[in-house]
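Given next are the chains, with one letter for each unit.
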Amino acid sequence: MTQDLFYSICGIALFGIGLYGLLIPPHILQKILAVNVMGTGVFMVLIATAQSRAPAIDPVPHAMVLTGIVVAVAGTALALSLVCRIYALSDDTEQDAGR
Amino acid sequence: MSGLSLPALLPWLVGLPLLAAAASFAGQRWVAGRWLNAVGAAAQLALAVLVLWLLAAGDSGLGQRYTLGGWGAPLGIDLYIDGFAGLMIAITAALGFVLSLYSCSYFTEPDQAARFWPLWWLLMVALNAVFLAADAFNIYVTLEILGLAAVALVALQGGRPALQAALRYLLVGLLGSLCYLLGVALLYRAYGTLDLAQLGQLVHAAPLSWAALGLITVGLLLKTALLPLHFWLPPAHANAPAPVSAALSALVVKASFYLLARFWLETLSAATTAQGLQVLGVLGAAAVLVGSIQAIRAQRLKLIVAYSTVAQLGYLFLLFPLFGRPSDTAGLGGAVVDAVAYFIIAHACAKAAMFLAAGNIQRAAGHDDISRLHGIARRQPLSLFAFAIAGASLIGLPPSGGFVAKWLLLNAAIDAGQWWWLITVIAGGLLAAVYVFRVLNLAFTDSAEQPPAAEAQPVLPRLLPLGAFALAIITVLLGFNALWVLEVLDIGVPPLQLAADGEAL
Amino acid sequence: MNWNSLLPLLIVLSALVPGLIIFCLDESRRTLRTTLNICGALTTLVLIGIMVSGVYQGDLVETRLPLLPDMDIVLHADALSLLFVSLSGLLWLVTTVYAIGYLEDSPNRSRFFGFFSFCVSATLGIALAGNLITFLIFYELLTLTTYPLVVHRGTAKSLRAGRIYLLYTMIGGALLLGGVVWLKSLAGALDFTANGMLADLPHLERGQLQIIFALLIAGLGVKAALVPLHGWLPVAMAAPAPVSALLHAVAVVKAGAFGIVRVVYDVYGIDFARELNVTPVLAAIAAVTIVYGSLRALFQDDLKKRLAYSTVSQVSYIALGTAIAGPVATIGGIVHLVHQGLMKITLFFGAGNLAETLGIHKVSEMDGVGRRMPWTMVAFTLAALGMIGMPPVAGFVSKWYLGVGAMEADAFWVILVLAASSLLNAAYFLPLLFRAWFKPQRGTWPAERRFGAWETHWMLLLPPLITMLVALGVGVFAGGFASPLTWTTLIAAREYGLGALPAVTPGLLQVPLLWAAILAPLLLAAALAFPRLRRRCWYWAPWTALPALAAAVWSSEGQNLLPWLFFGSIVELDSVGRVFLLLAAVLWLTAALYAREYLRDDPQKERFFLFFLLAMGGNFGLILSLDAFGFITFFTLMSLAAYGLVVHTGTREALRAGKTYMQWVIIGEVLLFAGFTWLAYSAGSSEIRALAAAPHNDWIFGLLIAGFGIKAGLLSMHVWLPRAHPVAPIPASAVLSGVMVKAGLLGWLRFMSDGDAAAATAIDWGTVLLWLGLGGAVLAVLAGVVQRNPKTLLAYSTISQMGIIAAGFGAGLLRPELWPLLVPALLVYALHHGLAKGALFFSVGLTAQLAAPQRRWLWVAVALPALALAGLPFTSGALAKVALKTAVADLAVLTAVLPVTAIGTALLMIRFMDLLRQGVAEQKAPGAVGGFLLLPFMMLLLPLAGAAFLLPEAQVFLPALTVPSTLWTAVWPAAVGVAVYLVCRALLQKTAPLPAGDIIVPVEAALLYWRRWWRRPARPAPALGGYRQLQQQFARLATAGADRSDGPSLPLQVYWSNPGLVFIVVLFALLAVTFS
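Owing to the predicted nature of the structure, the values given are computational and were not obtained by experimental measurement.

**A short note on the sheet that holds strand β4 (residues 559-562) of chain C**
Residue and element names in this part refer to chain C. Pairing in this open sheet of 3 strands is antiparallel, and the strands run β3-β4-β5 from one edge to the other. For this open sheet the edge positions go to β3 (508-509) and β5 (569-572), each flanked by a neighbour on one side alone. As paired strands, β3 and β4 are joined by 2 bridges and run antiparallel to one another. Bridging from a neighbouring strand, Leu508 pairs with Leu561 of β4. Together, β3, β4 and β5 form the strand contacts of helix α21 (residues 512-528), whose direction differs from that of β5 by roughly 100°.

In structure tokens:
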């Protein structure tokens, strides 16, 4: 098993863990974290892909990952701000959203 | 095309709304400035029309490509336009214009308006970018912009239900995007390019292609809200402000459908199977039935409209089984695409009109509970009338865009020899009649049980019902001008593809 | 774009634009709205006029707008569309006026009129549609625009009606859409062409085309209310009356029917459709619908519902005519499109007027309404009679052509359907008319409103009168230029490629006197309809018979040909007619004189004279008409008008007699209708001479013998006669017994006395008629002699005498070589009997005169007709008997039985004199009834003595009169009769009289018993009621969900109950079959 394949599989595993975290646990913060885990998994796959393109390392996936991180940050921020707003309106943070 | 170069105009389709977003953000405290947004929308519409006109006038019979910053594929981020994309751009601009006008009257509080306009323009940016993108990763980015802008717009209403719906929408959107991204990553791993056209030539049936296709499909289906994955749509669309609901139902869900169509029938068509296409069709048919029935059961006006969106989206998915597996030549075209594209346009206008009308009614009555809306026709005759016309289009009654769309769809189904879709289409129309007329009956019942409303009924600005009505009129006009729309659609389809169509059927 | 290519579009827009403007108008802008409405309607009419003239000059009038590749919106004017578009335009104007009056001061008028205009626009679009796709577009549009009209009132009931309406029409629209799309993909552009476009296309699968046909017809059938897709129509009655009128007469149901016509003729093509075997199925469905609709109408108490079911039934005539396949049936079907519209809209206007003015919604509330709202009810009555198929109203024309067409296509069962439908129509319309005209008002009206000088608002009154006149006009002037019939004939000729039509024959009016004879009484009757004229005019009634008398006496040779009247009217006085006209003129004249005296103090005398004059006109007309349409028209007029004479006194007995009379009249009409259409088919003409010469088969003989036999009181069909004749006022009895029964004989003579015509019969009709006649002649004596009422006795005597005449006619059928002698003999006999019977009836009224001691000599005068009837020598009776005997000398049976009948006649006459004497004896104080009664009586004796001998026909027989053996044969039966009476008198005095109507009495009793048993409360759900319940349940189930918008919404199956499910299953099955 080549190195890049190993990282790719790890990335996909991370994606799966994140998926589980997003779908099953009820707490909203868990879900938001889970989305980030999923994102990380995809990024790992991308980075591994960059390595697989030997001999030179492909810069394109790196650019994609950078962009992806920006997007993930924005999404997470929006989600958290929504949660805060909902929390302010009520004191119940148990959300079953995302199911 | 000596003076005006079509490819040079393409970035402006993205850039103009982006500028508008920045401007509206900067001048957000300037109350009178909100009307400038309407001017911006008009400019966008003019641009779109110009682009479309140039596209139609081009004698190449092929789409147009613009390489951003001079970086061509595979590295660069290209913009590409063909007939299908052009129409999507046009309908976006047209609806954007009407909805912008409407929003100028709708968001009267400076605070609300200040939050609304930048987001609104971002939504336009994202939509135009999605339709123009010729690069898989670029699509991811635009999808995310689209999702985030849409979520923020849904949350604009501020109430708890709206926030919850927005949050759910956001998580779903992120999930969808990540699935899509993973799919793109796999594609890049397999073929080393992100350009759609190049991918289309490279892709062949292989496990990695299938996996990528599966992930992309699931991600986009989630965003398109096809039947089993539609759960998030009704609350989100029903709780958003009226113009936002209209844009979401009319345009945003169509964007992801547009991508699905591109991937399945063009870029990744080598990896698709006939069974897969049929399954998508079956899901679509199920969506038509289930969505309609849910709409019939719904008790709130906007919820009815939202469920109706779920149902109407189902029709679009008949594209896949009817189109069949194209041969290796890429290109979207032929009778089935015509039908579905027309359907998208007709539904966009009708549904936007419906949401605006429902929003007006909700605002006038203070609620949108069907059972308490008797007598609303007296206060909002024009809105209800617009609702009726839009409803007729959804049912598929002539003369309306909906009728032409259904006619084309039925024709395509019979031509393809897949008569069973006929039943879906016709039954869907009948079910639509049930929920539309449930609402229209409001026009004929007087508010006998309601005491004369002593509290001053909110007086709506005149522009609000007019906005809904204008869209309804467009819906009707679509029923008369099908020919022109269909001509535009066929731009960008190589003649070869048309011939291949015939074989595939 | 030139004018011709713009015109159809403009017509559609001319209705659409006013609607749009009206929508924007404020509720209070009444004048402007009314102006817009009327202007819109008038503009449409003018444009239609321009278009008609354009098409007439051969211009191509077509608007073509591209919609999709190889799919255009086409508005095209051809003959068929012009027919429908003209109807729509005309009725729109009328209905608009009506609706303005009807909706005065009600809310939401802008909305109403807006949608109303839209609805008309859609209808015009349907009419002008040049291909199936355009048709579909406007068809769906019609659904959409009529829905707001149906639910206009906003009540729970109307909302429910709207839901059911939508449920049906939406499913129908979906089926149609499926069919059209399918057909489109098979056949390309679906332009309507004259002979259908599918036949020319190669490589089409028959099975697929059949299924598409089924889909199309199912889709159209919903609007055309074919069973079982008719459920929405009766429910939609919750709408305001003008809407119902529009829905039923023009827009919705007609759109469906029109569509069926288009699909069968212009898409499939009639020949191709027949080849595909789809038309028989359609015909069967239509037939079932016709009968079913009529049956259901019978049980509705709600007036509008009854009319609605009547629509269900009537509209299917169009489909039936279309499906029978043949030029003549096509004419019948298409022309019914117009005719039914005119009649049905009149009916709905009438019903609306009753509801709006008096608050009457139910049939059971209509008692005496004719007196309160005469004009409305006149319109209603005529339209209802037309629906039944009574000539000369439009409905008859359609039925006639359908009947003849059915014969042409060998679809004999259609005649049965038409007959059943006519009977049922009569059964549900006539009681209604009876209530309105002949029953006294019961209490106050439910909700009466007053509208100044007229019986109701003038805007409500005018429309029904106009439509009624048009309905009457298109029937009466069916042969006229540009009448719907001529127009339709053109269409049929085109469809079947028959080429040019025969040139119109010029009119000819050689003897205007004949028309004067017919019209004089009718015009006076029309004058009686006006209250102001009524007072003065009734007194002139006798003189209206003078033109007829003049025509009969002086030479009146020549023809009156009026091609534009009826199917081409021929009025002529031939030798047979002359005798009848003489008899009729004399008898009607004297009866009128008598009636003037007799009814001097009757408060209802004007009504009596109205019916009297109508019957008189009918009688003259039927004698003089030598074309079938005219003959039937006047025959019907006479029969119907006589009803008013029978029930005049209004006693229970009279009403019962009237009912029996009417039942038999209707049965007779139906039998004759069947016989005539058959005959007309085999003759290919409607001229009576041609009909008589055409080959008759057994059916024709049977139908004609029975049909006229009813009128002539033939044994077993005579039962109405002994009831009806005695209860009428004396002058009416005189004409009934004296001359009206002779119409039966005239019919036989006219249609069956051609020797060659009978060649092909299997049954020996002569013998049948002979024995029936002789049996009647003998048995009637037995029944009559036990009567106590002299008038009943005279009625039985009439049966007996008519029996002899029938036997004589039977002899003619048996031995055609006898005709030259027999016809004059029968004529002499008829004349003699008519005059004598009239005089005898008159004498019954002379009781007061006879009782006066100074008038003893009058007995001699009274005895004279009695003796004449008994056949005493040197009377007309002797002449008649001798004539008959001479003519049938070869037939042993007849010569043997004739003396027996003579004995019977003598017996009856002596009994009559005895009864009269007893009546006179009971008369305590001689009344002061004027001597003027004597005058007509005496007048009648004169011709009785003389006229018979002066007849040219009688000259042959005169020599035989003076032969001694003849004298002997004339005297001895009379003597025997007298002797028998003297012997039996005591017995007869004690015998209970046989109830009038003899053989029908036990039948009626059995029916009554059965009906009571049927309606026992122990049976909660009789067969029909059970079905009704089931249907209600079904309707409730189908719409339960939407009823309760406040409660929790109901589960899925409630919404998709039966209709939807059935639809899906059917669709599946059909499609599965094709593709398997």
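There's more to say after this.
**Here we look at the packing of helix α14 (residues 327-358) of chain C against helix α19 (residues 458-476) of chain C**
All names here are of chain C. Relative to each other, α14 and α19 sit at 155°, their axes nearing to 9 Å. On the basis of their axis angle, the class for α14 and α19 is roughly antiparallel. You can see that α14 and α19 cross each other, and the crossing is left-handed. Along its contact with α14, which presents His339, Leu342, Met343, Ile345, Thr346, Phe349, Asn353 and Glu356, the element α19 presents Leu460, Leu461, Pro463, Pro464, Thr467, Met468, Val470, Ala471 and Val474. Its residues assigned to classes, the contact of α14 with α19 comprises 12 nonpolar, 4 polar and 1 charged.

**Thoughts on unusual backbone geometry**
The peptide bond linking Pro398(B) to Pro399(B) adopts the cis configuration, its omega dihedral lying at -10°. As for its position among the elements, Pro399(B) is in the loop between α16 (381-395) and α17 (401-415). Cis geometry marks the peptide bond from Val227(C) to Pro228(C), where omega comes out at 5°. Relative to the helices and strands, Pro228(C) resides in the loop between α7 (206-224) and α8 (232-235).

**Things to note about the pattern of salt bridges**
Residue and element names in this part refer to chain C. In the structure shown here, the tally under the stated rule is 20 salt bridges over all chains. A salt bridge links Glu572 to Arg689, with the shortest nitrogen-to-oxygen separation between them at 2.6 Å. Residue Glu572 is found in strand β5, and its partner Arg689 is found in helix α28 (residues 688-693); the two are separated by 117 residues along the sequence. Given the relative accessible area of 13%, Glu572 is considered buried. Given the relative accessible area of 39%, Arg689 is considered partly exposed. The closest approach of N and O atoms between Asp574 and Arg750, which form a salt bridge, is 2.9 Å. With Asp574 in the loop between β5 and α24 (575-598) and Arg750 in helix α32 (residues 742-752), this residue pair connects regions lying 176 residues apart in the sequence. Put simply, Glu62, Arg64, Asp72 and Asp191 are held in one network by salt bridges that share partners.

**Quick notes on the interface of chain B and chain C**
Contacts between chain B and chain C engage 36 residues on the former and 44 residues on the latter. Summing both sides of the interface, chain B and chain C together bury roughly 4000 Å²; the carbon and sulfur share of this comes to 80%. At the surface where chain B touches chain C, the tally comes to 0 salt bridges. Our count for the chain B to chain C interface comes out at 1 residue pair in polar contact (both at pLDDT 80 or more).

**Let's talk about the UniProt feature "transmembrane region" (unreviewed entry) in chain A**
Residues and elements named next belong to chain A. UniProt records the feature "transmembrane region" (unreviewed entry) for residues 6-25, 32-51 and 63-89 in the present numbering. In the segment residues 6-25, helix accounts for 90% and strand for 0%; the C-alpha atoms at its two ends are 28 Å apart. Spanning residues 32-51, this segment combines 100% helix with 0% strand, and its end C-alpha atoms are found 29 Å apart.

**Focus: the interface of chain A and chain B**
Counting residues at the interface gives 43 residues for chain A and 35 residues for chain B. Both sides together, the interface formed by chain A and chain B hides about 3100 Å², and carbon and sulfur atoms give 81% of it. The largest contributions to the chain A side of the interface with chain B come from Met64(A), Val71(A) and Leu82(A), which together make up 17% of the buried area. Residue Asp4(A) is joined to Arg189(B) by a salt bridge in which the shortest nitrogen-to-oxygen separation is 2.5 Å.

**Some remarks on the packing of aromatic side chains**
Within this structure, the stated rule accounts for 64 aromatic pairs over all chains. On the basis of an interplanar angle of 25° and a centroid distance of 5.6 Å, the ring pair of Tyr102(B) and Tyr106(B) is categorised as stacked. On the criterion of helical spacing, the pair formed by Tyr102(B) and Tyr106(B) is a turn pair, its members being 4 residues apart in helix α3 (residues 83-106). Tyr102(B) sits in the buried class, given a relative accessible area of 1%. Judged by its relative accessible area of 7%, Tyr106(B) falls in the buried class. Judged by centre distance (6.1 Å) and plane angle (90°), the rings of Phe115(C) and Phe118(C) are edge-to-face.

**Structural notes on the packing of helix α14 (residues 335-365) of chain B against helix α19 (residues 463-478) of chain B**
Residues and elements named next belong to chain B. Following both chains from N to C, one finds α14 and α19 inclined at 155°, their axes separated by 8 Å at the closest point. The orientation of α14 with respect to α19, classified from their angle, is roughly antiparallel. Both α14 and α19 take part in a crossing whose hand is left-handed. Contacts from Tyr342, Ile345, Ala346, Cys349, Ala350, Ala352, Ala353, Leu356, Ala357, Asn360 and Arg363 of α14 reach α19 at Leu464, Pro465, Gly467, Ala468, Leu471, Ala472, Ile474, Thr475 and Leu478.

Cut-offs used in this document
Residues numbered from 1 in each chain as written. Chains lettered and ligands numbered in written order. Predicted model: local features only at pLDDT ≥ 70, side-chain atom pairs only at ≥ 80, totals over all residues. Heavy atoms only, no water. Pairing = 2+ DSSP bridges. Helix = DSSP H or I, 4+ residues; strand = E, 2+ residues; numbered from the N terminus. Contact = heavy atoms within 4.5 Å. Axes fitted to C-alpha atoms, helices over the stretch in contact; angles between N-to-C directions. Parallel < 35°, antiparallel > 145°, perpendicular 65-115°, else oblique. Left-handed = near helix turned anticlockwise from the far one by under 90°. Nonpolar A, V, L, I, M, F, W, Y, C, P; charged D, E, K, R; others polar. Salt bridge = Lys/Arg side-chain N within 4 Å of Asp/Glu carboxyl O. Buried < 20%, exposed > 50% of the residue type's maximum accessible area, 1.4 Å probe, protein only. Buried area = accessible area lost by both parts, 1.4 Å probe. Polar contact = N/O pair within 3.5 Å; in protein donor to acceptor, adjacent residues only side chain to side chain. UniProt positions renumbered as here; feature names shortened; annotations may be inferred. Phe/Tyr/Trp six-rings, centres within 6.5 Å; stacked < 30°, edge-to-face > 60°.

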